[in-house]
Every structure is written in C-alpha cells, then in structure tokens.
Amino acid sequence: MTVAYPKKSPGDIKAGQMVSVTVLAEGPIGAPGAPPLTAQVRIPVERLRRGPTGHRYAVHIRKWRGTTVSPVTLTQQGDPWQLISEPPAAGLRELLDDTRFLAQHVYGVAMSTLDIFETTLGRRMPWNPEGRVVLKARDLITATDTGYERGTNIIRFGSVDRMGYKVPTALYRDIVAHEVTHAILDGFRPAWADHMATTEQLAMHEALADIVAILSVFSSRDVVARQLEAAGGGFEAGQAVDDAILMRSLFDFARDLFARGPLREPFVGAVPEGWQSLLEPHARGAVVVGAVLRAVQRLWSERNARFGDSQGLQQKAESGSIVATRVLRMVIRGLSYMPPVDVSWRDLLRGIIAADLDMVPEDNHGYREAIQNEFSAIGIRRVSLNNISGVDNYQGLRYPIRLSALGSDPQEVQRFVWENPRLLEAARLERRTPLSSTRVRTSERVSPDGFIISEIGASFIQTVRMSRREAYVRLGLKTRRDFVDIRGGGLLRFDAGGRLVYAALKPVMDRERQGQMFGSDQHHDAEEAASSGVRDKFHGTGD
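**Some thoughts on the sheet that holds strand β12 (residues 452-467)**
- Read across the open sheet, the four strands follow the order β11-β12-β13-β14; overall the sheet is antiparallel. Here the strands that pair on one side only, and so sit at the sheet edges, are β11 (437-446) and β14 (500-506). On average, adjacent strands in this sheet sit at an angle of 15° to one another, irrespective of strand direction.
- The pairing of strand β13 (residues 483-494) with β14 spans six bridges and is antiparallel. Residue pairing for β14: L492 is matched across the bridge by A503.

**Regarding the nonpolar core**
- Y57, F117, L135, L215, V327, W345 and L348 are the most contacted members of the largest nonpolar core, which totals 111 residues.
- The element best represented in this core is helix α2 (residues 99-121), accounting for 12 residues.
- Excluding its chain neighbours within four sequence positions, the residues that come into contact with L348 are M204, L208, V288, M338 and F375.
- Listed in part, the 31 residues of the second largest apolar core include L429, A458, V484 and L505.

**Notes on the pairing of strand β5 (residues 79-83)**
- In this structure, strand β4 (residues 75-76) lies alongside β5, joined through two bridges in antiparallel fashion. From the neighbouring strand, Q76 faces β5, where its bridge partner is D79.
- Linking two consecutive strands that pair antiparallel, namely β4 and β5, is a turn of two residues; a positive phi of about 85° is found at G78 within it.

**Some thoughts on helix α9 (residues 345-359)**
- Its 15 residues give α9 an end-to-end C-alpha distance of 21 Å, which sits within 8% of 21 Å, the value for a rise of 1.5 Å per residue.
- Counting buried residues along α9, 12 of its 15 residues qualify, which places the element largely inside the surrounding structure.
- Within α9 the residues assigned to the buried category are W345, D347, L348, L349, R350, G351, I352, I353, A354, A355, D356 and M359.
- Of the surrounding secondary structure, the elements contacted by the buried residues of α9 are α4 (199-218), α7 (281-307), α8 (313-335), α10 (367-377), β11 and β14.

**Describing the environment of A317**
- Assignment of secondary structure puts A317 in helix α8.
- Beyond its immediate sequence surroundings of up to four residues, A317 is in contact with R221, V224, A225 and L228.

**Details of the pattern of salt bridges**
- All told, the structure shown has 28 salt bridges when counted by the stated rule.
- Among the ionic pairs, E430 bridges to R432, the shortest N-O distance being 3.1 Å.
- Given the relative accessible area of 64%, R432 is considered exposed.
- Residues participating in the shared-partner salt-bridge network are E430, R432, E470 and R474.

The rules behind each value
Residues numbered from 1 in each chain as written. Predicted model: local features only at pLDDT ≥ 70, side-chain atom pairs only at ≥ 80, totals over all residues. Heavy atoms only, no water. Pairing = 2+ DSSP bridges. Helix = DSSP H or I, 4+ residues; strand = E, 2+ residues; numbered from the N terminus. Axes fitted to C-alpha atoms, helices over the stretch in contact; angles between N-to-C directions. Core = buried A, V, L, I, M, F, W, Y, C linked by side-chain atoms within 4.5 Å. Buried < 20%, exposed > 50% of the residue type's maximum accessible area, 1.4 Å probe, protein only. Contact = heavy atoms within 4.5 Å. Expected span 1.5 Å × (residues − 1). Salt bridge = Lys/Arg side-chain N within 4 Å of Asp/Glu carboxyl O.

Given below as structure tokens:
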C-alpha cells in the first residue's frame, strides 16, 4: 500500500521533522514461499530532486543495459518535500525491475544510517571531501568491487548472482549501512584511514562498519523474531528461549550477512592467538565484532531473565532489538571520545565507557560491565574508571580564552594548549612545527534528568618530517629512509562553561610510542603492503 503524506508548503517543514520510509529489512530474498521482510525507517524530511538527490546524498541508478543513469522521483509531483513511500513487489523478478523501490530503499537506509550517527552524537557529520555522497546503486562492477572510494565521495554497488538473477548488492540493507558508515567515519576522522594510517586503524574502520551494519539490521523486531524461530527450529507457546538459542540466532544472522557481501564473519570460538598482529585488517577487526556481539547476547539474555519466562516470542524479539540499538548507540557515542589519530582498540573501549558514563551515570543493567568483560576476554585491557576523563593530571589549568570563540575558532583551542605548559608537555608537541589539522565541533545531548547539555569537542593533529639522523637522535628510530614522517595529536572536550572535562592524547615526540608505531623498516613495509588495497577503497569484499 502506497503511503502519501499531506501536502505541505515549504514554510510548514520544521527542523527535526521525520517521515517513515519502507525498506527491505534484510535483503530481496525472503523465506521460501514468502515475500521479503520489510521495515519502516524514520528519516529527516528534506527537499528531494529527481535522482533522487537531496542535501547529503545523490542516488544514481544505471539502466540494466548501457551506462545511462535513469533518474527516479520519490516525491509527489510538484511538491519536492512530500516523499511517497511505496511497498516492494512480492516477486523477485518484479522487485529487481522496480527501479523506484531500489532508489527508495538505498536512500532510506543511507539516510537512516546517517541519522543514527547525528542524533547519537548531537551534531552534523561531514563528508571527506565536502559535498554529496553519490550512491551508485546499480553500477557496472562485480559484487567484490562494491565499496566506498576515499577522496571521491562515491559508493559503488555491484551485483551478485542469486537464483538465476543479477541482484544489486544495494538491495541488502546491511551492505548499504556498512559502506555508508565508512563514508561517515572518513568524514568524521580522516586520519583514521589516510596514507599514514596503520593496519590497526583500518581494522577499526572495518569493525565499526560491520558493527553498525549488523546491529542496525538487528534492531528490527521482525528480523530478530525470524532469527529466533530459525535458531529454535520453530516455536510453540511457552517454549523456553535459552542462551544457546540467543547466541545461535545472533551469530547465525551475522554469518548470513557475511556470506553474501562485505561483512567479515565474527569469531565465535577461541580467539586466534596473536590476532592483534594479523596484517589483514578485516581479519583483525572480526575479533572485535565478535566481542561486541557476545556482549549483546549476554545483555539480551539478562534482560529476558529480568522479565521472566512469561514473555512470548515477540517480546523476546523486542528485547533483542532494544539491546542491539542501545549497544549500537554506545559504540557510536564513544567515537567522539577517541583521539583523531593513531587510535587503538583500547581507545575504542575507553571512548565507549567514558561516553556512556557521562550519558548514563548509573549503569543499572550492566551494559558497561558486559562490554568491558568481552573486550577483556579477547585481550584488550579493562579501562579503569579512576581518572577515565584524563584531566586529573592537569590541575590548575589556565583559561585565558573567549568562550564564544572556543566552539568555533581553532586558534582559540591552540591558544588554550599553548597557555598551559603542562598540557603542552603531555601532548609532547614539536615546538617548531605548526599543527597540521585542528577541528572544533559543538554538540548537544540530553542528560538523564532531561536537560540539554552543550559540549565542545576540539581535536588537533601534528605531523613532523624528520631526517634519518634526526629521527634516530630525537626518537631512537632506525631507518634507511631519507625522511620519516611521525605524528600525534589529541582530543579535548569542554563543557558548556568552557572547562576541560576530557582529554585523549597521542604524544608526538614520545620515543616509546613512536618506536612502537614505526617498528622497523621491514615492519613498516609489511603494514603498507597489507593495507594498500584497503586504504583507498572500503572495501573490496574478497574473492
């Protein structure tokens, strides 16, 4: 059934107004004899041109034959603010021929993925470079070439052979969410995947994209219910749902996504020895994805136990979707507490815990403890709550700054660092080299007591080029190269009064840290070789 919305004049459109759009809950192929599952996603209302093209995205759909793009209109004729949502065709052949629904699905999933980042972080997410992201929903490439291309703002979606048809990978909700997440992360923290990024940062890119893709799809109650039925072999009234069924439903679901596209299969059993030294970014990130999913399963089981055995299948499915959404937002919120460069898995854990501690001081249901335990189980050291903000070491800071400028002027942040020698020493900045990048962003969040809290996040990066001799004398780095580039930086968070409340630093001129980052020429060359195929394109899906 077509859903139309009352005609509105441009003046009737208010900030924050949302509209429901029908998308495929998983993909275009449903259970035997059944149409594919659908889901309703709520996205912000905006003016849409033919394409469809909005403020943040442009969807390009190529005709089945040739290279010509066939523009699609998703709005009421003469009213570009009135989006019309239509259901998909029941048959696979009809669905694959429905160019309009393909455009609606891709646009809806992409917008909802961006929206969960922006509503969780309380700020607009930029692209890298600025402009629109172009979603080529039916491109002339194979499924293995599907991916986000850095520096171009283009995401290409190929096709995969299924049941005798060429099925666009863009019809799979998780694949769209995965690739869009890469674009969001690249705009948010460009240094996490630039030419100096290590395998650790590229692996984190992949892990975060997988987590967003899996949990955003798993947040649909109907999807969770179907997975429970499949894991339990069909349910009868009053049948118990034990931990084994919950685990099987969640990880079988993740494996299904892995089997058809870009997602990496999360590790379920024993963690591979030395996994943090794996040179392949996808394999390294899969271990962390498995840890997050195990935390979701544990929290889901505990939530079911609190409500007792009287719950029906739909209620248990609802619990699973609630837990998935809560953990997903915890992970996303933690990104704004992580340094802008050289991030590690422990930085991710600290960011998740610190952000959630600010958001929900009383962790009554043990979400933070569950994540700490699962990260600890794969060898990532627990984060102590003592001085988790990192500011206790910087008592007596000077604040010769203008509050009105702190939230918008990078020079004001640089002045704050300069006027506080203790902070300057902690960042170990090279005194003769200017900062290569400074970003200032304001954000807003709703506190548990209902009040809106404004915060300022400022990040800075310094890159220093040293000669072979200087690198050895100052940092102890041994290399045959003529020059060595090293860098570091930090994240500073200020409250509404302009006081520093959180700091995450990566010291620049730190011998021990830079020695670990650089290693040796052989180590450096091996990392570059392993990550060269991933850095500029997220991500090839493999063979």
